[in-house]
Amino acid sequence: MSSEFEIYKPRKIEFNQLMEIDDWYVKVYTITLNEEFKSQQILSSALKELPIWVENAKKSFLKTHKNAFLILHEGREGVWILMNWWTDGEILETKVYFGDYDNHNVIKESIYTPKSLICTWELAVVLYERKAWMKHILFNANSPKFDEYINDILKSSYE
């Protein structure tokens, strides 16, 4: 009898870089099921799209706070790319894209659009960023510490 579940195995999570686009800051993280993140061409293609994604995030119906994080997750099917940005104080908006292993230069919207699916491993980054947002912004609501939030990154780990 087969199961719809697979036995959980930790995946490597790494902070890649901090990007500044216009007046926005975007923390870039990678997750991989391999020993190391191998999809450098897809990462490069995603970073080329990032200015467009930031422009789209600016069009949110909610007030944006010019802080985001991007997750590139090397999975079985390809690279799942999650653009996440903070809005309306404590809300996280997410847009999911996909990079195909066979076509490194093309980033598409997720096949699950308009849904924004987040998997178990990606939640580790989301949880870290949530705690950092709370610590530096929400607990200091009268004087948010955006610089401290920007510099608070998840170090390499296996989750």
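Look up: the structure comes first, before these words.
Since the model is a prediction, treat every value here as computed from it, not as a measurement. (Residues numbered from 1 in each chain as written. Predicted model: local features only at pLDDT ≥ 70, side-chain atom pairs only at ≥ 80, totals over all residues. Heavy atoms only, no water.)

Participant: Outline the side chain of Ser110, supporting the account with residue identities and numerical values.
Facilitator: Residue position: Ser110 is located in the loop between strand E6 (103–109) and helix H2 (120–136). Owing to a relative accessible area of 5%, Ser110 belongs among the buried residues under this scheme. Here Tyr112 takes part through its backbone nitrogen, which lies 3.0 Å from a polar atom of the side chain of Ser110. Aside from chain neighbours lying at most four places away, what touches Ser110 is Trp80, Val96, Tyr97 and Phe98. (Helix = DSSP H or I, 4+ residues; strand = E, 2+ residues; numbered from the N terminus. Buried < 20%, exposed > 50% of the residue type's maximum accessible area, 1.4 Å probe, protein only. Polar contact = N/O pair within 3.5 Å; in protein donor to acceptor, adjacent residues only side chain to side chain. Contact = heavy atoms within 4.5 Å.)

Participant: Lay out the pattern of salt bridges with the relevant residues and their values.
Facilitator: In this structure the tally under the stated criterion is 8 salt bridges. We note a salt bridge from Arg76 to Glu6, for which the minimum N-O separation is 2.6 Å. Taken together, the residues span a long stretch of sequence, with Arg76 in the loop between strand E3 (64–74) and strand E4 (79–87) and Glu6 in the segment before strand E1 (12–21) at a distance of 70 residues. Note on Glu6: relative accessible area 47%, which makes it partly exposed. With a shortest N-O distance of 2.8 Å, Lys12 and Glu36 are connected by a salt bridge. Residue Lys12 is located in strand E1, and its partner Glu36 is located in the loop between strand E2 (24–32) and helix H1 (40–58); the two are separated by 24 residues in the primary sequence. (Salt bridge = Lys/Arg side-chain N within 4 Å of Asp/Glu carboxyl O.)

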